[in-house]
Amino acid sequence: MESLDRTETSRISMPPPLRPGDKVRFVSPASSPDRDRVQKHAEILKGWGLSVDFGEHVFRKWNYLAGTDEERLSDLNAALRDPGVGAIFATRGGKGSYRIADQLDFEAARRNPKFVIGFSDITALHLSLLRHCHQVGIHGAFSIGPNEDGVSPYTHDSLRQALMATEDIIIAGRPEEPTSRLTTDGVAKGRLIGGNLDMVATSAGWALPDLHGEILLLEAIGLYPGQVDRQMTMLRKAGHLDGLTGVAIGQFTDFEFDRPYSVIDILREHLTALNVPILGGLPLGHGDRPASALIGAVAELDARAGTLVIRRGKA
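Residues numbered from 1 in each chain as written. Predicted model: local features only at pLDDT ≥ 70, side-chain atom pairs only at ≥ 80, totals over all residues. Heavy atoms only, no water.

Trainee: It is not clear to me how unusual backbone geometry should be interpreted in this structure. Could you clarify?
Mentor: The phi torsion of most residues other than glycine is negative, and most of the peptide bonds are trans. Of note in the backbone geometry, Ser120 takes a positive phi value of approximately 60° without being a glycine. A relative accessible area of 13% places Ser120 in the buried class. For His134, which is not glycine, the phi dihedral falls at a positive 60°. Inspection of the secondary structure assignment puts His134 in the loop between helix H5 (123-133) and strand E5 (137-139). Residue His134 is classed as buried on the basis of its relative accessible area, which comes to 4%. (Buried < 20%, exposed > 50% of the residue type's maximum accessible area, 1.4 Å probe, protein only. Helix = DSSP H or I, 4+ residues; strand = E, 2+ residues; numbered from the N terminus.)

Structure representation (structure tokens):
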């Protein structure tokens, strides 16, 4: 299995931060976006001094996907190959990135590293790019949810920092997030790998990098408790979680946390068996005011302090 060999950490590819005047491109590797919302987000980027353009099929609709596999892949690969594009924004998640994640132009990504920005279903792209060409991506977006038009100042600033700054990123856990109840003690260091639980499980065996010595990030939305249990069981029993140094838990959205046996109990059963530090309550995912994180970058997790520090430099 191709993986992130611990002897090859110098090959981790951190794309350069963007500067005013750089161009970004919106593409739709998964489901169809709302045109007006994408245009609003494009205006925000222009306000940061960036130039914005769009993939050929960015607003295409084909069943529950933003175009056929060939159309969505064509737009994404065109952006990867274009030296004039400094970063690639996924218009939304939804469904479908996993269908094309193994067909990306990895050679183009190696030649010209650039951030791919998105989360949820886009996790499949982050994992595949990390596994095949060691490229760091941005787990983040302007807004989430079908009825959210605005962008919170926290989310706005966090995404801009991830995309355009050079400083380390510090994300603090929130006690009000239900997953904060999973926090244990201890510290961990490793590359932050993961994202959406559904996509981490879907990617296992073909796009998920080796997690030995790394920190696993998990967030989820709208799954049945039994689905979470099945996915965690598969990941653990298949050995994909062996050798983790720590676990970072983001937002688990649209779950019933007050039931007698909730998703928190399910996660605790699986994660405590790993005997590693766990930090819950992180504002990463589909919940209120999400942050942005660098997937594949070296991170330091301090469960007692409640912080996740993501480093810009190599280990």
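So, next bit.
Trainee: Could you clarify how one ought to interpret the sheet that holds strand E4 (residues 115-118) in this entry?
Mentor: Strands in a sheet are paired, the pairing made by backbone hydrogen bonds, and the direction either parallel or antiparallel. What the six strands build is an open sheet, ordered E2-E1-E3-E4-E5-E11; its pairing is mixed. The outermost strands of the open sheet, each flanked by one partner alone, are strand E2 (51-54) and strand E11 (293-295). Taking each pair of neighbouring strands and ignoring which way they run, the sheet shows an average axis angle of 25°. Note that strand E3 (residues 87-90) and E4 share three bridges and pair parallel. Bridge pairing in E4 links Ile88 to Val116. Running at roughly 155° to E2, helix H1 (residues 35-47) makes contact with strand E1 (23-27), E2 and E3 of the sheet. (Pairing = 2+ DSSP bridges. Axes fitted to C-alpha atoms, helices over the stretch in contact; angles between N-to-C directions. Contact = heavy atoms within 4.5 Å.)

Trainee: How should I be thinking about helix H6 (residues 153-164) in this particular structure?
Mentor: Each turn of an α-helix holds 3.6 residues, which means side chains three or four residues apart point in the same direction. Taking 1.5 Å per residue as the helical rise, H6 with its twelve residues ought to reach 16 Å, and the 16 Å between its terminal C-alpha atoms agrees with that figure. Looking at the packing, one finds that the buried side of H6 touches H1, E3, E4, E5, strand E6 (169-172) and E11. (Expected span 1.5 Å × (residues − 1).)

Trainee: Where do I start with the sheet that holds strand E12 (residues 298-302) in this structure?
Mentor: Here seven strands make up an open sheet; going across it, the order is E6-E13-E12-E7-E8-E9-E10 and the pairing mixed. Since the sheet does not close on itself, it has two edges, and those belong to E6 and strand E10 (278-279), each with one partner. When strand E7 (residues 187-196) meets E12, the two strands line up antiparallel, connected through five bridges. Bridged to Arg191 within E12 is Val298.

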